[in-house]
Amino acid sequence: AKNSEYKQIVENLDKENIDEEIKLPQNVNAELREYQKVGYSWLKTLENYKFGGILADDMGLGKTLEMITFISSLNVEKPILIVCPKSLSFNWEHEFFMWNKDIKVVTIVGDKEDRKNKINNIKNDEKVVFITPYDSLRNDVDLYQNKEFSLVILDEAQYIKNSNALKTKAIKSLKADNRFVLTGTPIENSLTDLRSIFDFLMPGYLYSFEKFRSKFEST
């Protein structure tokens, strides 16, 4: 029975079997293109099985809109955290404003004291989307240790390709019920880039850094 259940899950996750008719949330002010509906349906299918995952596509094809649509569909009672390059922080805020004004969005940028106040005001039982840059999160990581998120999303996830970087370790210390990443370049230098991203999504799934490198890169 377990084997048949597992086989069914694998078949359902096959891109050819993704249900493109999964209902879109009504509060998104956008007409998704067909491939964007597929991307949204992929995220919803992963969520259905309590899986995290990667939304990988070329730049400019609407990954942000697909993720905002996905967030809009969630019935959660905990906050959501989006971590992105600093240059994209206000772009995310602007796109939420365009596509769904009903969602409360707080951008955690500015000086240390301002960021501290915003982080301290995060409530573990309220659906609010928080957006912060990678470097800010690295510097503020201690302030997040008593925070619980329903979802942590990394934009431009290649920023955590180095498993030993402080920003990578900070991000992997966050408490979250589920995790997703967006990237157009999941592998920039070597397979260990991808391993680091999966270590955020599914800790331990692709072995330790040393075992993964010896098993897949040194052979």
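Quick summary incoming for the structure in this document. Remember, predicted model here, so these are calculated numbers, not experimental data. (Residues numbered from 1 in each chain as written. Predicted model: local features only at pLDDT ≥ 70, side-chain atom pairs only at ≥ 80, totals over all residues. Heavy atoms only, no water.)

**Topic: the overall build of the protein**
The number of helices and strands found in the protein is nine helices and six strands. Here the protein holds 219 residues, and 43% of them are scored as buried. For the protein, restricting intrachain contacts to residue pairs at least 6 apart in sequence, the fraction spanning at least 24 positions comes to 71%. Roughly 11900 Å² of accessible area belongs to the protein as shown, and the carbon and sulfur atoms make up 49% of that amount. (Helix = DSSP H or I, 4+ residues; strand = E, 2+ residues; numbered from the N terminus. Buried < 20%, exposed > 50% of the residue type's maximum accessible area, 1.4 Å probe, protein only. Contact = heavy atoms within 4.5 Å. Areas by Shrake-Rupley, 256 points an atom, 1.4 Å probe, with all protein chains shown as cover.)

**Some words on the environment of Pro-85**
Within the secondary structure layout, Pro-85 lies in the loop between strand S2 (80-84) and helix H4 (89-99). The exposure class assigned to Pro-85 is buried, which follows from its relative accessible area of 5%. Beyond its immediate stretch of four places on either side in the chain, Pro-85 contacts Tyr-134, Asp-155, Glu-156 and Tyr-159.

**Notes on the pairing of strand S4 (residues 129-133)**
Counting buried residues along S4, five of its five residues qualify, which places the element largely inside the surrounding structure. Neither face of S4 is open: one carries Val-129, Ile-131 and Pro-133, the other Phe-130 and Thr-132, and all of them are buried. Where strand S3 (residues 105-107) lies against S4, three bridges are found, and the strand directions are parallel. Its bridge partner being in S4, Thr-107 is matched across the sheet by Ile-131. (Pairing = 2+ DSSP bridges.)

**Considering unusual backbone geometry**
With a phi angle near 65°, Lys-50 is a residue other than glycine that sits in the positive phi range. Backbone geometry at Glu-156 places phi at a positive 55°, although glycine is not the residue there. Among the structural elements, Glu-156 can be located in the loop between strand S5 (148-155) and helix H7 (166-172). On the basis of relative accessibility, which here comes to 23%, the residue Glu-156 falls in the partly exposed class.

**With respect to the packing of aromatic side chains**
Counting across every chain of the model gives six aromatic pairs. Summarising the aromatic geometry, the rings of Phe-70 and Phe-180 are spaced 5.3 Å apart at their centres and angled 70° between planes, so their arrangement reads as edge-to-face. Here Phe-70, found in helix H3 (residues 63-73), pairs with Phe-180, found in strand S6 (residues 175-183); they are 110 residues apart in sequence, far enough to count as distant. Each member of the pair, Phe-70 together with Phe-180, is buried. Look at Trp-92 and Phe-96: their rings are 6.2 Å apart centre to centre, the planes differ by 35°, and that puts the pair in the tilted class. Residue Trp-92 and its partner Phe-96 are both found in helix H4; the two are separated by four residues, about one turn of the helix. With respect to class, Trp-92 is no different from Phe-96; both count as buried. (Phe/Tyr/Trp six-rings, centres within 6.5 Å; stacked < 30°, edge-to-face > 60°.)

**Concerning the environment of Asn-178**
Relative to the helices and strands, Asn-178 is located in strand S6. A relative accessible area of 15% places Asn-178 in the buried class. Separated by 98 residues in sequence, Asn-178 and Ile-80 have C-alpha atoms that sit 9.8 Å apart. Other than its neighbours up to four places away in sequence, Asn-178 contacts Lys-50, Phe-51, Gly-52, Ser-150, Leu-151 and Val-152. At 3.2 Å, the side chain of Asn-178 and the backbone nitrogen of Gly-52 are in polar contact. (Polar contact = N/O pair within 3.5 Å; in protein donor to acceptor, adjacent residues only side chain to side chain.)

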